[in-house]
Amino acid sequence: RDSNIDSLLDELDRELVGLKPVKTRIREIAALLLIAKLRESQGLTTERPTLHMSFTGRPGTGKSSLALSIAWELQLGPVLSWAITSRSHLQHSLYRYDAVGRLQEANLRRLGQEGPPVTSAGPYLTLGPLGTALVARERPRVLLIDEFDKSDIDLPNDLLNILEEGQFAIPE
């Protein structure tokens, strides 16, 4: 066992009162990461373990504090946040596409006022919190999804599909 991980897990036990399922899941993920590290050190191929965790509970039980603590302790960068409302859609959390801006710029360029024709949608896309969390990087990001119980009926299944795939398509 890595002593650094052991000390983090011990601190988790001291600092967090209750939330036993959360602590169990964190220990499972720590074990998966250690196994993956050992396999790689032996030259064995390994798939990156799934690092998704879901914390549920009544208001005030420390779910948000736990997400912030995990991000801080593991140096994962700022916590991404997605506040769910009854009008929230998965696509908005993945990315936003500025079709009007792209059309305006294409028209200006066609009229000869600015540079070559617009060919890429890239400059007109902005990643949302979920899209940002799914971008491949050395260290994962923590995404805090708040008020999930207020979501549209299809959102949980749609989100689960995206998390299982670990990627999404941008058709624009």
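Residues numbered from 1 in each chain as written. Predicted model: local features only at pLDDT ≥ 70, side-chain atom pairs only at ≥ 80, totals over all residues. Heavy atoms only, no water.

## Quick look at the overall build of the chain
Here is the rule: For the purposes of this entry, the term helix denotes a DSSP run of H or I that reaches at least four residues, the term strand denotes a run of E that reaches at least two, and both are numbered from the N terminus. Note on method: radius of gyration uses C-alpha positions; expected globular size equals 2.2 Å times residues raised to 0.38. Think of it in three bands: residues with accessible area under 20% of the maximum for their type are buried, residues over 50% are exposed, and the middle band is partly exposed, with areas taken using a 1.4 Å probe on protein chains only. What sets the accessible areas is the Shrake-Rupley method with a 1.4 Å probe; for residues, cover comes only from the shown protein chains. Charge counting follows a simple rule: Lys and Arg are positive, Asp and Glu are negative, and His as well as the terminal groups are ignored. Here the site of a charge means atom NZ of a Lys, CZ of an Arg, CG of an Asp or CD of a Glu.
The number of helices and strands found in the chain is seven helices and four strands. Secondary structure elements in the chain, listed N-terminal to C-terminal, are α-α-α-β-α-β-α-β-α-β-α. A compact globule built from 172 residues should have a C-alpha radius of gyration of about 16 Å, whereas the chain, at 20 Å, is more than 25% larger. Considered along the principal axes of its C-alpha atoms, the chain spans approximately 65 × 45 × 25 Å. Per-residue burial for the chain yields a buried fraction of 24% across its 172 residues. Entry remark: accessible area of the chain is about 12,000 Å², with carbon and sulfur atoms responsible for 53%. Taking the average place of the 20 positive charges on the side chains of the chain and the average place of its 23 negative ones, the gap between the two points comes to 2 Å.

## As for helix H7 (residues 155-165)
For the record, the criterion: Arc, as used here, means the arc of the directions from the helix axis to the C-beta atoms. In what follows, a contact means two residues having at least one pair of non-hydrogen atoms within 4.5 Å.
Those residues of H7 lying buried are Leu 155, Leu 159 and Ile 162. Take H7 and look down its axis: the buried residues cluster within an arc of 60°, on one side only. Opposite the buried face of H7, by more than 90 degrees, sit the exposed residues Asn 157, Glu 164 and Glu 165. Among the structural elements, strand E1 (80-83), helix H4 (90-94), helix H6 (129-134) and strand E4 (143-146) are those in contact with the buried residues of H7. Looking at the residues trailing H7, positive phi occurs at Gly 166, about 75°.

## Here we look at the environment of Thr 56
Position of Thr 56 relative to the elements: it lies in the loop between helix H2 (20-41) and helix H3 (63-73). Between the C-alpha atoms of Thr 56 and Val 22, which are 34 residues apart in sequence, the distance is 8.9 Å.

## Overview of the nonpolar core
For clarity, the cut-off: Each nonpolar core is a collection of buried residues, namely Ala, Val, Leu, Ile, Met, Phe, Trp, Tyr and Cys, held together in the definition by side-chain atoms within 4.5 Å.
Counting residues in hydrophobic clusters, the biggest one holds 13 residues, and the most contacted among them are Leu 12, Leu 16, Val 22, Ile 26, Leu 66, Ile 70 and Val 142. If you list the elements that add at least two residues to this core, you get helix H1 (3-15), H2 and H3. The biggest single contributor to this core is H3, with four residues. Setting aside chain neighbours within four positions, we find Ile 26 in contact with Leu 9, Leu 12, Met 53, Leu 66 and Ile 70. In this structure, Trp 82, Leu 90, Leu 130 and Leu 134 belong to the second largest nonpolar core, which totals 10 residues.

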